[in-house]
Amino acid sequence: MTNQINWEFPQALEDEGIYILRETAAQFEKPVLLFSGGKDSITLVRLAQKAFYPGKIPFPLLHVDTGHNFPETIQFRDWLVESLGLDLIVRSVQDSINQGKVQEETGKYASRNALQTVTLLDAIEEGKFDACIGGARRDEEKARAKERIFSVRDEFGQWNAKMQRPELFDILNGKINIGENVRVFPISNWTELDVWNYIRRENLQIPSIYFAHEREIIERDGLYWPYSSYLNTSADEVPFRQTVRFRTVGDMTCTAAVLSEADKLEDIIAEIMEAKISERGARIDDKRSEAAMEKRKQAGYF
Amino acid sequence: MEVLRIATSGSVDDGKSTLIGRLLYDTHSIPQDKMEALHAASKRKGLDFTDLSLLTDGLVAEREQGITIDVAHIYFSTPTRKYIIADTPGHIEYTRNMVTGASNAQASLILIDARKGIVEQTYRHFFIASLLRIPYLVICVNKMDLVDYSQARFNQIVEEFQQLLANASYQATEVVFIPVSSLYGENVATTNGAITWYQGPTLLEYLEQISFDHADSKHPARFPIQSVIRPRTTEYHDFRGFAGKVASGHFSVGDEVISLPSGQKSKIKTIEQFEKQLQTAQARESVVITLEDEIDSSRGNMLVKPEDQPQQLKEIKAQICWMDQQPLTVGKTYLVQHGVNRVKAKVQQLHYVTDVTSHQPVEGKASLGLNDIGSITLKTASPILADTYASNPANGAFILIDEFNNTTVGVGFIE
Ligand SMILES: Nc1nc2c(ncn2[C@@H]2O[C@H](COP(=O)(O)OP(=O)(O)O)[C@@H](O)[C@H]2O)c(=O)[nH]1
């Protein structure tokens, strides 16, 4: 059996996502949509646009800016916010560093990926957000396969896998105690392919780094790292130009590129269907250990 | 493309993880790097084969204990269908997880070890499938290789299971039995010729042809209102639409509808899905409905058709699966959440606790504890707009929420 490409998006997923967003808006006082600029959060924005149409999206977007973003992502973010008339809140990891709340990592694997948790939790507290809508999908990683759609976090943003509320049928219980908040995952049941097929069906714009382009990269640990001033390199890591693209949008210090000529959505989808490497395989931080994701989640990582 | 949701359950070591791993493997759903990680992990464990069961074991605590303790969701697709598997552990102490995992399933996959036959947990799995009235039951008799692919053994298990079916209070749309060997991939996605006496479909072939008769669409029309959309912009100054997901049945433009509980009548003016205007909205579609007349409806109200209205219940008799450490307290007030509507309710009476093996009441058991299933009566502060679970599952279930710690403590099926 070879992989035939199915271009069709399962409509049931959109109906479910819209339902979840409407429940979020109705059950919480101050929801916020966590926006990374990646395809999953772009999908969330589209769902929100549809859920409340012809009304406005009734909550703001929150972007935690690590300062190490791809410039293309920031450009895209600003364009999206402008063209849809959205409210955007930006909080920066640099501020958390300046306030002495977190410390910059050192060494060749230094990244701000772990630091953003603190900035995020501060922003949630400051904005008194009781529901944070995120684009995590259960197919991304083993620990996420067990995440609920409404996932309750304590005051410290911690996730307790054993204390999860049962979720039955499509009934969503958003009642929380003071100090708690909820992470909402409307596209829990989508796979990477579903997201791409949706983007294609809806004709959505995405940041240019998803498409094949030429850029300076270095090779390290068998992965292609985008070369930038944020990356600590040693003398023997010499940058070279290569045609690549990115499968996820993270920081320039922890998102690996894949060699690819795919410059159209159709080609990207075809590439995913060949499934040479899983999406999270391109997230350098996950490679650190098998239980990495679960540990970070307990610590309040998105 | 259709989405088929499947719930799996089996006792520990029946081979559930291996079976699911096999389905993923045979449908080319495992990316190369994950496959490599599996090879490596299998080697570390001293195995001389790639242990596909390692794919689905989720959390650290579970890996340590070597068992699955929650509901894990697994995704794969074929050229025709997207599949979502809710994988739940089979232990008695995880009954609540099994009920949770099965609550959205159209098909229930029950695993039986060919050597052991029907065991206590099989009764529970079947009971849960019948409580939830899951339309399709797929019984996989696994490890057939260990009983020399014996047809007699298989038939014996089928016969025993038929007895269970005969005593059950519900009738599945379809029940099939498939002899498989997950380890060798026999009858999972393909057949490798080890079983000559079985001419039926492989597991995957069967799943591929399950017909979606969309029972929900044939049930009475129910539209629970999630929110009212009033943009108040210049362009949409007078727009007033009811946002929601059709729970069951269907609604068309021009249909006469009645808003409950107020009883006000109107006609459907438009059905909208973002910028698209629809003629009809089917069960499970998220839409916005506008009406010809201005009526006063809000979240928690329901649009229905005048000729086919739900009951307005203040006294609810229901089967309950209890999900909390703290047992159900008769006389205590809980919150009932039925769809998007929440009301206070007091537990009037616990009638009995059900023995999931015999499907009969347990003599002398007077409290409903974690993982117990029983029958109760609740009295609500205001009526809920519900159907019986048997007549319309999409509008016949609710959850119970503890008023003090806000957690979900039980699920009810209205009788
Ligand atoms: N011989 C044989 N062994 C199997 C088969 N399916 C699973 N097993 C083995 O049975 C054991 C338990 O399987 P596993 O999938 O972990 O069971 P689970 O606890 O139900 O998930 C493992 O050692 C498997 O290799 C089968 O069809 N034939």
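Each value, and the rule that gives it
Just so you know, the residues in each chain are numbered from 1, in the order the chain's sequence is written. Both sets of labels track the order of writing: A upward for chains, 1 upward for ligands. Only residues with pLDDT of at least 70 are given local features in this predicted model, and only at 80 or more are side-chain atom pairs given and counted; all residues enter the totals for whole chains, interfaces and linings. Computation of side-chain values: all heavy atoms of the structure, hydrogens and water removed. In this description a helix means any DSSP run of H or I spanning at least four residues, a strand means any run of E spanning at least two, and both kinds are numbered starting from the N terminus. Here the radius of gyration uses the C-alpha set of atoms, whereas the globule reference equals 2.2 Å times the residue count to the power 0.38. Note on exposure labels: buried denotes an accessible area under 20% of the residue type's maximum, exposed denotes more than 50%, and partly exposed covers the range between, all computed with a 1.4 Å probe on protein chains only. By definition in these notes, contact holds between two residues if any of their heavy atoms fall within 4.5 Å. The accessible surface values rely on the Shrake-Rupley method and a 1.4 Å probe; as for residues, cover is taken only from the protein chains in view. Strands were regarded as paired on the criterion that DSSP finds at least two bridges between them. Residues belong to one nonpolar core when they are buried, are Ala, Val, Leu, Ile, Met, Phe, Trp, Tyr or Cys, and are joined through side-chain atoms within 4.5 Å. Only a single heavy atom is needed: when it lies within 4 Å of a molecule or strand, its residue is near that molecule or strand. What qualifies as a polar contact is a pair of N or O atoms within 3.5 Å, subject to a donor-acceptor requirement within protein and to the restriction that residues adjacent in sequence count only when both atoms come from side chains. Charged residues are taken to be Asp, Glu, Lys and Arg, nonpolar residues to be Ala, Val, Leu, Ile, Met, Phe, Trp, Tyr, Cys and Pro, and polar residues to be all remaining types, Gly included. Ring pairs shown here join Phe, Tyr and Trp side chains whose ring centres sit within 6.5 Å, with only the six-membered ring taken for Trp; geometry is labelled stacked below 30 degrees between planes, edge-to-face above 60, and tilted in between. Axes here refer to lines fitted to C-alpha atoms; in helices the fit is confined to the stretch in contact. Angles between the N-to-C directions go from 0 to 180 degrees. Two parts placed together each lose some accessible area under a 1.4 Å probe, and adding up what both lose gives the buried area. In the sections that follow, a salt bridge refers to a side-chain nitrogen of Lys or Arg positioned within 4 Å of a carboxyl oxygen of Asp or Glu. Points on a 1 Å grid, built from protein atoms alone, make a cavity when a 1.4 Å probe fits but cannot get out and make a pocket when they are open with protein on both sides within 12 Å along at least 5 of 7 lines; residues with an atom within 4 Å of a point are the lining residues. Grid points are joined across faces, edges and corners, and a volume is the space filled by probe spheres set on the points. Residue ranges for the domains trace back to a domain assignment, done automatically or taken from a database. Here, patches come from residues exposed beyond 30% relative accessible area and free of salt bridges, joined within 9 Å for like charges and within 5 Å for nonpolar side chains (Val, Leu, Ile, Met, Phe, Trp, Tyr).

Draft legend 1. Representation of the overall build of chain B. Broken down by element type, chain B carries eight helices and 22 strands. Taken against the 2.2 N^0.38 rule, which gives 22 Å for 415 residues, the C-alpha radius of gyration of chain B at 24 Å falls within 12% of a compact globule. The principal-axis extent of the C-alpha atoms belonging to chain B is close to 70 × 55 × 40 Å. When each of the 415 residues of chain B is scored for burial, the buried share is 60%. Here the analysis covers contacts within chain B between residues at least 6 apart in sequence; of these, 69% occur between residues at least 24 apart. Carbon and sulfur atoms provide 46% of the accessible area of chain B, an area that totals close to 16900 Å².

Draft legend 2. Spotlight on the pairing of strand β16 (residues 311-322) of chain B. All names here are of chain B. Sheet topology note: the β16/strand β20 (residues 373-386) ladder contains 10 bridges and is antiparallel. Of the residues in β20, the one forming a bridge with Gln311 is Ala386. Pairing of β16 with strand β22 (residues 408-414) involves five bridges; the strand directions are antiparallel. Residue pairing across strands places Ala318 opposite Ile414, the latter belonging to β22.

Draft legend 3. Spotlight on the nonpolar core. With 80 residues, the main nonpolar core has Phe169 of chain A together with Val99, Leu132, Phe161 and Leu203 of chain B as its most contacted residues. Per-element tally for this core: the top contributor is strand β5 (residues 136-142) of chain B, with six residues. Setting aside residues up to four positions removed in sequence, Phe161 of chain B forms contacts with Ile110, Ile112, Ile118, Thr122, Phe126, Ile139 and Phe177 of chain B. Residues Phe35, Phe76, Val195 and Ala257 of chain A belong to the second largest nonpolar core, which totals 56 residues.

Draft legend 4. A look at the site of the ligand. Residue and element names in this part refer to chain B. The local shell around the ligand holds 16 residues, among which Asp13, Lys16, Ser17, Thr18 and Asp145 are the closest. Gly15 is positioned such that a nitrogen or oxygen atom in its backbone is 2.9 Å from an oxygen atom of the ligand. Within the side chain of Lys143, an N or O atom sits 3.1 Å from an oxygen atom of the ligand. Relative to its unbound accessible area of 580 Å², the ligand is 79% covered by the protein chains. The element best represented in the shell around the ligand is helix α1 (residues 16-26), accounting for three residues. Within the shell around the ligand, the residues separate by chemical class into three nonpolar, eight polar and five charged.

Draft legend 5. Here's a closer look at the packing of aromatic side chains. Residues and elements named next belong to chain B. For the coordinates displayed, the defined rule picks out 20 aromatic pairs over all chains. Between Phe76 and Tyr83, the ring centres sit 4.7 Å apart and the planes meet at 15 degrees, which makes this aromatic pair stacked. Here Tyr83 falls in the buried class, since its relative accessible area comes to 0%. Here Tyr389 and Phe413 contribute two aromatic rings whose centre-to-centre distance is 5.0 Å and whose plane-to-plane angle is 80 degrees, an arrangement assigned as edge-to-face. Here Tyr389, found in the loop between β20 and β21 (397-401), pairs with Phe413, found in strand β22; they are 24 residues apart in sequence, far enough to count as distant.

Draft legend 6. Broad picture of the environment of Glu155 of chain A. Its place among the elements puts Glu155 of chain A in the loop between β5 (150-153) and β6 (181-184). Relative accessible area serves as the criterion here: at 63%, Glu155 of chain A is assigned to the exposed category.

Draft legend 7. Examining the sheet that holds strand β3 (residues 88-92) of chain A more closely. Residue and element names in this part refer to chain A. What the six strands build is an open sheet, ordered β3-β2-β1-β4-β6-β5; its pairing is mixed. Two strands lie at the open edges of the sheet, namely β3 and β5, each paired on one side alone. Each adjacent strand pair in this sheet contributes to an overall mean axis angle of 30 degrees, direction not counted. This element, helix α5 (residues 116-127), spans β1 (31-34), β2 (61-65), β3, β4 (131-133) and β6 of the sheet and lies at about 145 degrees to β2.

Draft legend 8. Seen up close, the interface of chain A and chain B. Each partner contributes to the interface: chain A provides 63 residues, whereas chain B provides 74 residues. Both faces considered, chain A and chain B share a buried interface measuring about 5800 Å² in area, 54% of it formed by carbon and sulfur atoms. Among the residues of chain A in contact with chain B, Tyr53, Lys146 and Phe169 of chain A are the three that bury the most area, contributing 14% of the side total. Inspection of the region where chain A meets chain B yields four salt bridges. With a shortest N-O distance of 2.9 Å, Arg299 of chain B and Glu23 of chain A are connected by a salt bridge. Run the count over chain A and chain B and you get 24 residue pairs in polar contact (both at pLDDT 80 or more). Sort the elements by how many residues they give to the side of chain A that touches chain B and helix α1 (residues 11-27) of chain A lands first, with 11 residues. When grouped by side-chain class, the residues that make up the side of chain A that touches chain B number 26 nonpolar, 16 polar and 21 charged.

Draft legend 9. Looking closely at empty space enclosed by the protein. Residues and elements named next belong to chain B. Under the criterion given, the structure shown has six cavities of 30 Å³ or more. By volume, the second largest cavity is sized at about 70 Å³. Along the walls of the second largest cavity sit Ala7, Thr8, Ser9, Thr88, Met98, Ala102, Ser108, His125, Ile128, Ala129 and Ile134, which together make up its complete lining. Elements supplying a minimum of two residues to the lining of the second largest cavity: β1 (2-9), α4 (95-102) and α5 (120-131).

Draft legend 10. Structural detail: the domain arrangement of chain A. Residue and element names in this part refer to chain A. Domain parsing of chain A yields domain 1 (11-196 + 290-298) and domain 2 (209-284). For domain 1 and domain 2, the distance between their C-alpha centroids amounts to 24 Å. At the interface, 27 residues of domain 1 touch 26 residues of domain 2. Summing both partners gives a buried area of about 2400 Å² for domain 1 against domain 2, and 56% of it is carried by carbon and sulfur.

Draft legend 11. Here's a closer look at a nonpolar patch on the surface. On the surface, Phe49, Leu183 and Tyr184 of chain B cluster together into a nonpolar patch covering about 310 Å² of accessible area. Its location among the elements puts Phe49 of chain B in the loop between α2 (32-44) and α3 (60-65).

Draft legend 12. Fine view of the domain arrangement of chain B. The domains assigned to chain B are domain 1 (3-213), domain 2 (217-304) and domain 3 (311-414). A straight line from the C-alpha centre of domain 1 of chain B to that of domain 2 of chain B covers 40 Å.

Draft legend 13. Spotlight on the sheet that holds strand β2 (residues 72-77) of chain B. Residues and elements named next belong to chain B. If you trace the six strands from one edge of the open sheet to the other, you get β2-β3-β1-β4-β5-β6, paired in mixed fashion. Since the sheet does not close on itself, it has two edges, and those belong to β2 and β6 (174-179), each with one partner. Along the sheet, successive strands turn relative to each other by an average axial angle of 25 degrees, direction set aside. Across the sheet, α5 lies against β1, β4 (107-113) and β5, angled at about 170 degrees from β4, the strand it touches most.

Draft legend 14. The pattern of salt bridges, seen in detail. All names here are of chain A. One pass over the full model with this rule turns up 35 salt bridges over all chains. Notably, a salt bridge pairs Glu266 with Arg200, separated by 2.8 Å at the nearest N-O pair. Of this pair, Glu266 sits in helix α7 (residues 265-274) while Arg200 sits in helix α6 (residues 192-202), placing them 66 residues apart in sequence.

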